[in-house]
Amino acid sequence: MNMILVIEDEVLIRESICDVLILNGFETINESNGESGLQRAYSLKPDLILCDINMPKISGLDVLKEIRANEE
């Protein structure tokens, strides 16, 4: 099963995305900000990350830069 990490600060949007993904057979993990999302990405190594751009703590663009800079 493919694992998808959803990083989104809006609760209803995050829950809706996860519901649709689960109904289509995906395993989901969700986080409400870029900082905790990065931690989960490094520890679980999901197959795909869906990330909002405007979030508290670390923006989605900074999450992308951080992940791309990591050689793992």
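Residues numbered from 1 in each chain as written. Predicted model: local features only at pLDDT ≥ 70, side-chain atom pairs only at ≥ 80, totals over all residues. Heavy atoms only, no water.

Peer 1: Residues and numbers for the pairing of strand E2 (residues 27-31), please.
Peer 2: Note that strand E1 (residues 3-7) and E2 share five bridges and pair parallel. For Ile 4, the partnering residue across the bridge sits in E2 and is Thr 28. (Pairing = 2+ DSSP bridges. Helix = DSSP H or I, 4+ residues; strand = E, 2+ residues; numbered from the N terminus.)

Peer 1: Give me the sheet that holds E2: which residues, what numbers.
Peer 2: Pairing within the open sheet is parallel, and its three strands lie in the order E2-E1-E3. Sheet topology places E2 and strand E3 (48-51) at the edges, where each strand pairs with a single neighbour. For this sheet, the mean inter-axis angle between neighbouring strands, taken without regard to orientation, is 20°. Pairing geometry for E1 and E3, over four bridges, is parallel. (Axes fitted to C-alpha atoms, helices over the stretch in contact; angles between N-to-C directions.)

Peer 1: Before we move on, can you summarise the nonpolar core with the specific residues and values?
Peer 2: Counting residues in hydrophobic clusters, the biggest one holds eight residues: Met 3, Leu 5, Ile 7, Ile 29, Leu 38, Ala 41, Met 55 and Val 63. Those elements that provide at least two residues to this core are E1 and helix H2 (34-44). Considering each element in turn, this core owes the most residues, three residues, to E1. Not counting the four nearest positions on each side in its chain, Ile 29 is found in contact with Met 3, Ile 4, Leu 5, Val 6, Arg 40 and Leu 44. (Core = buried A, V, L, I, M, F, W, Y, C linked by side-chain atoms within 4.5 Å. Buried < 20%, exposed > 50% of the residue type's maximum accessible area, 1.4 Å probe, protein only. Contact = heavy atoms within 4.5 Å.)

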